[in-house]
Amino acid sequence: AQTVTQSQPEMSVQEAETVTLSCTYDTSENNYYLFWYKQPPSRQMILVIRQEAYKQQNATENRFSVNFQKAAKSFSLKISDSQLGDTAMYFCAFVPWGGGSRLTFGEGTQLTVNP
Amino acid sequence: GAGVSQSPSNKVTEKGKDVELRCDPISGHTALYWYRQSLGQGLEFLIYFQGNSAPDKSGLPSDRFSAERTGGSVSTLTIQRTQQEDSAVYLCASSLQQGLGEQYFGPGTRLTVT
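From a predicted model like this one, the values you see are computed outputs, not experimental measurements. In this numbering scheme, every chain counts its residues from 1 along its sequence in written order. Think of it this way: whatever chain is written first is A, whatever ligand is written first is 1, and the rest follow in order. With the structure being a predicted model, the display of local features is reserved for residues of pLDDT at least 70 and the display and counting of side-chain atom pairs for 80 or more, all residues being used for whole-chain, interface and lining totals. For side-chain calculations, the full set of non-hydrogen atoms in the structure is used, while hydrogens and water are omitted.

Caption draft 1: Just the sheet that holds strand β1 (residues 5-7) of chain B, in detail. All names here are of chain B. When DSSP finds two or more bridges between a pair of strands, those strands are recorded as paired. Strands are runs of DSSP state E lasting at least 2 residues, helices are runs of H or I lasting at least 4, and numbering of each runs from the N terminus. Overall, antiparallel pairing links the four strands, which are arranged β1-β3-β8-β7 in an open sheet. Looking at which strands have only one partner, the edges of the open sheet turn out to be β1 and β7 (65-69). Sheet twist, expressed as the mean angle between neighbouring strand axes with direction ignored, is 15 degrees. Bridging between β7 and strand β8 (residues 75-79) involves five bridges; their strand directions are antiparallel. Looking across to β8, one finds that arginine 69 is bridged to serine 75. To get an axis, fit a line to the C-alpha atoms, keeping to the stretch in contact for a helix; angles then go from 0 to 180 degrees between the N-to-C directions.

Caption draft 2: Just the layout of surface pockets, in detail. Looking at the largest pocket, its volume works out to about 550 Å³. The rule is simple: put a 1 Å grid over the protein atoms alone, call a set of points where a 1.4 Å probe fits but cannot get out a cavity, call an open set with protein on both sides within 12 Å along at least five of seven lines a pocket, and count a residue as lining if it has an atom within 4 Å of a point. Contributing to the lining of the largest pocket are 23 residues, with Gln39(A), Gln37(B), Ser38(B), Leu39(B) and Arg110(B) lying nearest its centre. Charged means Asp, Glu, Lys or Arg here, nonpolar means Ala, Val, Leu, Ile, Met, Phe, Trp, Tyr, Cys or Pro, and polar covers whatever is left, Gly included. The class makeup of the residues in the lining of the largest pocket is nine nonpolar, ten polar and four charged. Grid points are joined across faces, edges and corners, and a volume is the space filled by probe spheres set on the points.

Caption draft 3: Layout of the packing of aromatic side chains. Two rings from Phe, Tyr or Trp (for Trp, the six-membered ring) form a pair when their centres sit within 6.5 Å of each other. Planes less than 30 degrees apart are called stacked, planes more than 60 degrees apart edge-to-face, and all others tilted. Across all of its chains, the model carries 18 aromatic pairs over all chains by this definition. Ring plane angle 35 degrees and centroid distance 6.1 Å describe the contact between Tyr25(A) and Phe94(A), whose orientation is recorded as tilted. With Tyr25(A) in strand β4 (residues 24-26) and Phe94(A) in strand β10 (residues 88-96), this pair connects stretches of sequence that are 69 residues apart. As far as burial versus exposure is concerned, Tyr25(A) and Phe94(A) are alike and both buried. Pairwise contacts between aromatic rings join Tyr33(A), Phe35(A), Tyr37(A), Tyr54(A), Phe91(A), Trp97(A), Phe105(A), Tyr33(B), Tyr35(B), Phe45(B), Tyr48(B) and Phe105(B) into one cluster. Three labels apply to residues, based on accessible area from a 1.4 Å probe with only protein chains included: buried if under 20% of the type maximum, exposed if over 50%, partly exposed otherwise in between.

Caption draft 4: Quick look at the interface of chain B and chain A. Contacts between chain B and chain A engage 24 residues on the former and 20 residues on the latter. Buried area is calculated as the accessible area (1.4 Å probe) missing from two parts once they are joined, with the contributions of both summed. Overall, the association of chain B and chain A removes approximately 1800 Å² of surface from exposure, summing both partners, and the carbon and sulfur fraction of that is 51%. Each reported salt bridge corresponds to a side-chain nitrogen of Lys or Arg within 4 Å of a carboxyl oxygen of Asp or Glu. Applying the counting rule to chain B against chain A returns two salt bridges. Across the pair Glu102(B) and Arg50(A) runs a salt bridge, and its minimum N-O distance is 2.2 Å. Under the rule applied, a polar contact is a pair of N or O atoms within 3.5 Å (in protein, one hydrogen donor and one hydrogen acceptor; residues adjacent in sequence only if both atoms are side-chain atoms). For the pair chain B and chain A, the number of links is ten residue pairs in polar contact (both at pLDDT 80 or more). If you list the elements that add at least two residues to the side of chain B that touches chain A, you get β4 (31-38), β5 (42-50), β9 (88-95) and β11 (109-113) of chain B. Its residues assigned to classes, the side of chain B that touches chain A shows ten nonpolar, eleven polar and three charged. Two residues form a contact once any of their heavy atoms are found within 4.5 Å.

Caption draft 5: Region of interest: the state of the cysteines. Residue and element names in this part refer to chain A. Note on terminology: pairs of cysteine sulfur atoms within 2.5 Å are recorded as disulfides. Evaluation of the coordinates by the stated rule reveals two disulfides over all chains. A disulfide bridge connects cysteine 23 with cysteine 92, and the sulfur atoms are separated by 2.0 Å. Residues cysteine 23 and cysteine 92 share a disulfide whose torsion about the S-S bond is about -70 degrees; that sign makes it left-handed. Of this pair, cysteine 23 sits in the loop between β3 (19-21) and β4 while cysteine 92 sits in strand β10; the two residues are 69 residues apart in sequence, bridging distant segments of the chain. Given the relative accessible area of 1%, cysteine 23 is considered buried.

Below, the structure is given as structure tokens:
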């Protein structure tokens with residue numbers, strides 16, 4: 001079974017600054033995907049970024065980037081130049097490659113961007 | 001194209017009543033998933049469909065919960081004899097193919113059992 005842990009229930013950052021959200025996971029799988037999803041108050045879950053475990057290069061999407069450390073089973077999200085619209089709950093999620101495709105989510109981190 | 005849609009957006013029902021929640025996945029997505037998001041419980045998996053079959057329904061919390069999918073498209077989650085602990089947001093997601101990456105979520109149905 002897989003577990004995903006987000007140890008920061010809440011974080012805040014000033015607009016235009018950089019913030020890093022932490023995520024660790026535990027699995028015996030060698031091939032898998034990791035994701036960060038964002039859930040604003042509208043409750044729509046939005047995919048922010050994905051990482052394939054077999055890729056050593058860290059994924060980036062505009063202001064969002066990850067630090068993927070496979071050996072340490074760590075997958076943090078860095079948000080640069082934070083914007084008010086980044087205020088949301090952020091979930092780290094894991095899915096193994098191939099069958100059994102349920103997403104396993106962390107507990108979430110509530111990020112507030114202050115003006 | 002259109003994303004995942006769910007209806008109703010909100011549902012208030014009395015304890016003991018049956019409810020049906022509907023999910024329309026993204027066209028062409030063969031895999032469909034139901035999750036439940038409760039306060040203090042986080043996001044929990046309920047069931048997933050590959051086509052019209054449900055290889056994994058291990059997350060359904062009791063036999064009051066059932067789901068079906070028809071035509072490889074629309075799915076309905078039915079909760080019979082609702083209880084107050086069923087109050088939650090029910091999220092549906094779809095993906096292009098089983099186990100090959102990201103799932104795209106609908107806006108959810110907020111169920112309140114009074």
